[in-house]
Each structure stands twice: as structure tokens, then as C-alpha cells.
Amino acid sequence: MLIIVCPFCGKRPEIEFTYGGQAHITRPERPSELDDQAWAEFLYMRSNTKGIHAERWRHARGCGRFFNALRDTTTDHFVATYRIDEPQPQIEQPAEPVPPP
Amino acid sequence: MSRQNFSALSLLWRGLSRHGGWREQWRKPEPKAAYDAIIVGGGGHGLGAAYYLAKEHGIGNVAVLEKGWIGGGNTGRNTTIIRSNYLFNESAALYDHSVKLWEGLSQELDYNVMFSPRGVMMLAHTVHDIQVFKRHVHANRCNGVDNEWLEPEQAKAFCPPLNISSDIRYPVLGAALQRRGGTARHDAVAWGYARAADALGVDIIENCEVTAIRRDAGGAVEALETTRGVIRSHKVGVSAAGHTSVIMAMAGVRLPLESYPLQALVSEPIKPIFPCVVMSNTIHAYISQSDKGELVIGAGTDAYTSYTQRGALHINMHTLDAICELFPNFRRLAMLRNWGGIVDVTPDRSPIIAKTPVPGLYVNCGWGTGGFKATPGSAHVFAWTMARDQAHPINAPFTIERFRDGYLIDEAAAAAVAH
Ligand SMILES: Cc1cc2nc3c(=O)[nH]c(=O)nc-3n(C[C@H](O)[C@H](O)[C@H](O)COP(=O)(O)OP(=O)(O)OC[C@H]3O[C@@H](n4cnc5c(N)ncnc54)[C@H](O)[C@@H]3O)c2cc1C
Ligand SMILES: [Zn+2]
């Protein structure tokens with residue numbers, strides 16, 4: 001089980017959280033102007049990154065709040081967690097997978 | 001080198017001569033500079049596609065490139081449940097095409113894939129389950145796919161270890177049974193296709209990871225860069241399960257896929273006790289017994305995307321809770337080992353077997369948690385699609401564009417859970 005750092009509550013076990021998929025996908029500002037391809041992009045296409053992935057989590061069985069995380073999907077190591085009103089921390093994709101600490 | 005055939009006589013003869021003289025069942029060639037077609041991914045789907053390209057379309061100058069060893073991906077990690085009782089017409093046609101091929105596969109390949117149609121029983125635990133399953137039974141019947149409704153006592157008669165008492169957390173309220181469903185030996189499927197494809201001239205190249213896709217001025221596929229050099233081909237089929245997004249990104253193609261860990265585990269081996277396959281989607285557990293005697297148990301996917309080929313222990317514990325309630329006999333069994341594979345999940349839980357926007361590049365993916373059952377059928381129509389640059393009628397609905405055009409084949413909603 002992973003230990004995840006909630007930006008509000010600190011370290012908690014994975015079972016307190018729910019996963020919310022890729023982060024920073026903004027809802028289109030003028031939905032009526034979107035063509036089908038753009039809708040499909042928004043609804044279904046995902047980066048599915050192998051490496052550092054920006055993603056949403058919710059501390060569902062804790063404070064209940066959403067936050068974002070950077071996680072290396074080759075190791076499941078959390079590189080950073082941050083509030084949704086904070087910008088994504090800039091982190092280089094590691095050349096080699098970083099082993100979890 | 002001619003292929004060694006298997007027969008009762010040849011087995012007896014080798015047995016008497018202390019099993020000397022068995023040769024390797026397929027070659028280990030160096031990659032050639034160019035091929036008429038290349039398959040990326042040496043799982044059952046990729047090896048099968050290479051076999052059908054050679055066998056049915058006369059394209060024998062084919063390579064299968066596998067970054068590890070063949071069958072080392074999800075093909076060798078799955079719980080081998082085979083069934084075709086899916087709701088929608090498109091899915092029923094695809095999965096039943098596969099079950100029909102399973103029925104003759106050992107003969108076709110001259111290799112025992114141990115297909116065992118012992119029956120797959122899916123348990124209903126809620127009123128919603130009952131309604132959904134009965135709807136499946138009727139829809140399947142319209143499509144000529146066998147599936148029948150069982151009352152709890154009938155389910156118990158079919159699978160004696162099943163606990164149908166009403167005082168468990170999720171009592172069994174009935175079940176849907178597909179008698180033609182069952183299991184097969186996962187490794188044998190990879191090996192059988194590899195051996196048969198090799199005999200038709202296909203080069204199976206292991207330890208060969210594709211690292212880039214080269215395209216010509218018109219955008220068409222020209223060559224693959226690999227850890228064993230550049231290999232040219234104008235026809236490339238990607239059949240790489242959990243790594244499909246990574247490979248397709250090399251050609252700038254985005255797909256509606258997310259890769260999740262899916263875990264399974266086996267118990268210590270015991271005498272034959274479990275006559276069929278039992279699945280419970282509602283409480284995330286499925287179980288059968290292998291010919292070695294181990295109980296083979298599968299869980300639901302982990303919560304988050306990952307490429308680690310492992311998952312969290314609490315997911316397995318959750319599944320074992322369900323198994324112990326349904327089969328109290330098994331409470332004292334020790335679990336021998338557990339493992340994970342990375343499955344590529346689409347939003348509608350149906351696969352993509354299609355041409356891509358890049359000329360010469362084809363993709364067979366999105367099988368998620370349930371593609372082993374489809375191995376022969378999927379490989380067969382994928383080879384057709386690559387050979388003719390056109391979908392077979394069976395895979396024609398399974399395009400990438402369905403997500404743009406709104407023609408989802410929504411088995412996710414039909415099952416209401418992962419399946
Ligand atoms: C635990 C578990 C249980 C399952 N249970 C069932 C079940 O009961 N019934 C069912 O129907 N399905 C089940 N599945 C799903 C099923 O295993 C898969 O859908 C199916 O085996 C996929 O086959 P494949 O040949 O497409 O993929 P794989 O066997 O994964 O083959 C893909 C291959 O591509 C290779 N590859 C990846 N990247 C590259 C690269 N860059 N270059 C070269 N090669 C590359 C990989 O090494 C791999 O060998 C289960 C899966 C898991 C993980
Ligand atoms: Zn919190």
C-alpha cells in the first residue's frame with residue numbers, strides 16, 4: 001500500500017484516497033464551439049504517461065479535498081503533491097526510473 | 001530445420017528413449033534488415049496475428065518483435081477465463097468468433113493449448129445483477145451465444161463448493177452460466193502460435209524493444225528503431241497491451257487508453273475440487289483450478305494507472321475476503337504467489353482493432369482486463385486488417401474513431417463493473 005502525502009493532512013495510507021485520473025485537463029470554455037474531434041480529445045484521450053504523471057487525487061476518507069500529485073508511473077513513487085490552485089511543480093522526467101526511497 | 005510434429009506415437013517413442021532428441025520448437029533468428037510486415041509485441045495476440053498473416057494471407061516474411069520473452073506480458077499473467085456472453089451484437093460477434101477458434105485451436109496448431117470448456121458461471125448478488133444477467137442471457141440467445149440463468153440451488157449443483165446460504169454479506173441470488181466457456185493454458189497459447197508461425201517462416205525476435213517509429217515524407221511508416229538495430233517495414237501492427245500508448249506516441253498517435261495494474265494469485269496445489277470457473281463482478285473475485293491443482297484467483301484492477309507490473313496487497317485481500325465467503329472450504333489454504341500485469345483500458349471497455357491515422361500503422365489494443373479469451377479471434381481479424389488494409393466485418397466497429405463519432409460499444413456500462 002502506498003503512503004500518500006495529502007497537502008492538508010500529511011502522510012496517510014492509500015486506502016483513504018480515491019484516484020481522479022490525469023490532472024490539468026481544463027473544461028472547454030465554449031463547449032458549443034467544439035467539433036467532435038475536440039470533444040473526443042477532452043473526454044477520452046489521455047497521456048497515459050510512462051514516467052512522471054500529473055494526476056488528481058481526493059482524500060475521500062480524510063479531509064475530503066481534491067489535490068494534484070506528480071507520480072512516477074514506473075515506480076509508483078510520489079514526487080510531489082500540491083494544491084489544485086498551485087501550478088504544477090517543474091520536474092525533469094528521470095532518465096532512469098528512480099527507486100522508491 | 002523441419003518441424004517436429006506431436007502425436008501419441010511420437011510422445012511414446014520419445015518417452016521410451018528418455019526424452020532425448022526434442023529440438024527447440026522455434027528458431028532464434030537474427031533480425032533481417034527488412035520485412036513485409038512487423039508485429040510489435042510477442043503476446044498471444046501478436047504471435048497469433050503473425051501466424052494468420054502467414055497462414056491465411058500468404059505473408060510469411062514477418063517478424064514479431066518482443067522486448068522481453070514471448071508470453072511474458074499479460075498472456076503469461078492472466079487467469080485464462082474464456083467466454084463470449086457479452087451484451088452487444090458487436091462484442092458477441094467478436095468474442096464468439098474467438099470461442100469458435102478456441103474449440104479447434106489445438107488441432108490447428110498441433111499443440112495442446114488445453115482449452116477446457118468447463119463452464120463459466122457468473123454470480124448475481126443483487127437485484128440489479130439479476131436484471132442485468134437475465135438481459136444478457138436473452139441478448140446472447142438472440143446472437144446464438146449460449147448463456148443460461150441458474151437459480152442458487154442449480155448454481156450449487158454445478159459448483160458444489162459454492163456457499164449459497166443467505167447469511168453471507170453478498171448472498172448468491174442466482175447465476176448466468178455459459179457452458180462453452182472455460183479456460184486454456186496461457187503459455188501454451190503463446191508457444192503454440194510461435195511454433196506454428198515459425199514453421200511458416202515468421203521470425204520471432206525476443207529481447208528486441210521498439211524505441212522509435214520512423215516515417216517517410218508522406219507520413220507513412222518506414223522503419224522501426226529497436227534495441228537490436230533498425231528494421232524496415234511498411235506494415236507495422238502494434239499489439240503491446242499495457243504499453244500501447246507508449247509505442248503509439250512514437251508515431252504521434254493519441255489513444256483513449258489508460259494502463260492499470262491487474263493482479264492475480266494462486267493457492268498451494270490441492271486435489272481436484274473445483275469443476276468450473278466462477279466469477280463475481282460485483283464483489284471483484286474470480287476463481288478456477290489449474291491442472292496443477294492450484295486455485296487461480298483474480299482481483300479487480302488497482303486504483304491508479306501504473307507501469308510497475310505490481311499492485312497493492314489490499315486489493316488481493318479484498319478479493320480473498322470475497323473468496324472466503326463464497327467458498328468457506330478454502331479459508332485455510334495458503335496462497336503461493338501473486339503478481340500483476342499492466343492492462344490497457346478503454347473508456348467503453350471494448351478493444352480497438354483498427355487502422356490508425358498513420359499509413360501502414362495498425363493497432364490492436366484496449367483489451368484491458370479481458371483479452372486472453374479473445375486471443376485467436378482478435379489475432380485472426382487483426383491479420384486480416386493488416387493484410388488487406390481494411391477491417392474484417394467483425395472488427396469494423398472497433399475503431400479509434402468511434403470515440404469521436406459516438407459509436408461506443410459500451411460493455412462497461414453493460415456490466416456496470418470491470419469484467
Ligand atoms: C492478472 C490478469 C488476469 C487476467 N485475467 C484474464 C482472464 O481471466 N480472461 C481474459 O480473457 N483476459 C484476462 N486478462 C487480460 C489478458 O491477459 C490480456 O488482455 C491479453 O493477454 C493481452 O494479450 P496481448 O498479446 O495483447 O498482450 P501481452 O501478452 O501483454 O503482450 C504484449 C507484449 O508486448 C511487449 N512489448 C511492450 N512494449 C514493447 C516494445 N516497445 N517493443 C517490443 N515489445 C513490446 C510486451 O513485453 C508484451 O510481451 C488478465 C490480465 C491480467 C494482468
Ligand atoms: Zn486530507
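Placed above this text is the structure.
Computed from a predicted structure; not experimentally measured.

Participant: I tried to follow the packing of helix 3 (residues 89–109) of chain B against helix 9 (residues 375–388) of chain B on my own but got confused; where do I start?
Facilitator: Think of two packed helices as two axes; the pair is described by the angle between the axes and how far apart they sit. All names here are of chain B. Contact geometry for helix 3 and helix 9: axes closest at 6 Å, N-to-C directions at 110°. Judged by the inter-axis angle, helix 3 sits roughly perpendicular to helix 9. Mapping the contact onto sequence places Leu94, His97, Ser98, Leu101, Trp102 and Leu105 in helix 3 and Thr375, Pro376, Gly377, His380 and Val381 in helix 9. Of the residues contributing to the contact of helix 3 with helix 9, the split by class is 6 nonpolar, 5 polar and no charged.

Participant: Mind showing me how you'd approach the layout of surface pockets here?
Facilitator: Summary: where empty space remains is shown by rolling a probe the size of a single water molecule over the atoms. Residues and elements named next belong to chain B. Considered as a void within the structure, the second largest pocket measures approximately 440 Å³ in volume. Forming the boundary of the second largest pocket are 22 residues, of which Arg185, His186, Ser290, Lys292 and Val296 lie nearest the centre. Of all the elements in the fold, those that place two or more residues in the lining of the second largest pocket are helix 6 (186–199), strand 15 (285–289) and strand 17 (335–345). Of the residues that constitute the lining of the second largest pocket, the class distribution is 5 nonpolar, 9 polar and 8 charged.

Participant: Would you mind showing me how to read the sheet that holds strand 2 (residues 62–65) of chain B here?
Facilitator: Through backbone hydrogen bonds, the strands of a sheet pair up, either in parallel or in antiparallel fashion. All names here are of chain B. Judged by pairing direction, the sheet is mixed, and its 6 strands sit side by side in the order 8-2-1-12-19-18 without closing on themselves. Strands with a single pairing partner mark the edges of an open sheet, and in this sheet they are strand 8 (203–205) and strand 18 (352–355). Taken pair by pair, the neighbouring strands of this sheet meet at an average axis angle of 15°, ignoring direction.

Participant: I tried to follow the interface of chain A and chain B on my own but got confused; where do I start?
Facilitator: Quite often, the size of an interface is put as the accessible area lost when its parts meet. Taken together, the contacts link 25 residues of chain A with 24 residues of chain B. Carbon and sulfur atoms make up 53% of the area that chain A and chain B hide from each other, which totals about 2,100 Å². Joining chain A to chain B, the criterion identifies 1 salt bridge. Note that A:Glu41 is salt-bridged to B:Arg254, the shortest N-O span being 3.0 Å. Looking at the side of chain A that touches chain B, the elements with two or more residues in it are strand 3 (18–22), helix 1 (36–43) and strand 4 (52–58) of chain A. Considering every element that reaches the side of chain A that touches chain B, the biggest residue donor is helix 1 of chain A, with 4 residues. Here the residues of the side of chain A that touches chain B sort into 8 nonpolar, 9 polar and 8 charged.

Participant: Is there a simple way to think about the packing of aromatic side chains in this case?
Facilitator: Between two aromatic rings, the relevant description is the distance of the centres plus the angle of the planes. All names here are of chain B. Considering all chains together, one arrives at 19 aromatic pairs over all chains under this definition. Geometrically, the ring pair formed by Tyr51 and Tyr52 is edge-to-face, given 5.0 Å between the ring centres and 70° between the ring planes. Side by side, Tyr51 and Tyr52 carry an identical accessibility label, which is buried. Ring geometry for Trp102 against Phe115: centres 6.0 Å apart, planes inclined by 20°, an arrangement best described as stacked. Residue Trp102 is found in helix 3, and its partner Phe115 is found in the loop between helix 3 and strand 4 (120–124); the two are separated by 13 residues along the sequence. For the pair Trp102 and Phe115, a shared accessibility class is recorded, and that class is buried. Here the guanidinium or amino end of Arg388 rests over the ring plane of Trp384, the centre of that ring lying 3.6 Å away.

Participant: Which parts of the structure should I look at to understand the pairing of strand 9 (residues 210–215) of chain B?
Facilitator: Look at any regular strand and the pattern is simple: side chains alternate between the two faces of the sheet. Residue and element names in this part refer to chain B. Here 5 bridges tie strand 9 to strand 10 (residues 221–226), and the two strands are oriented antiparallel to one another. Counted as the bridge partner of Arg215 is Val221 from strand 10. Between strand 9 and strand 10, which follow one another and run antiparallel, lie 5 residues, and Gly219 among them has a positive phi close to 95°.

About the thresholds
Residues numbered from 1 in each chain as written. Chains lettered and ligands numbered in written order. Predicted model: local features only at pLDDT ≥ 70, side-chain atom pairs only at ≥ 80, totals over all residues. Heavy atoms only, no water. Axes fitted to C-alpha atoms, helices over the stretch in contact; angles between N-to-C directions. Helix = DSSP H or I, 4+ residues; strand = E, 2+ residues; numbered from the N terminus. Parallel < 35°, antiparallel > 145°, perpendicular 65-115°, else oblique. Contact = heavy atoms within 4.5 Å. Nonpolar A, V, L, I, M, F, W, Y, C, P; charged D, E, K, R; others polar. 1 Å grid on protein atoms, 1.4 Å probe; cavity = no way out; pocket = protein on both sides within 12 Å on 5 of 7 lines; lining within 4 Å. Points joined across faces, edges and corners; volume = space filled by probe spheres on them. Pairing = 2+ DSSP bridges. Buried area = accessible area lost by both parts, 1.4 Å probe. Salt bridge = Lys/Arg side-chain N within 4 Å of Asp/Glu carboxyl O. Phe/Tyr/Trp six-rings, centres within 6.5 Å; stacked < 30°, edge-to-face > 60°. Buried < 20%, exposed > 50% of the residue type's maximum accessible area, 1.4 Å probe, protein only. Lys NZ or Arg CZ within 6 Å of the ring centre and 35° of its normal.

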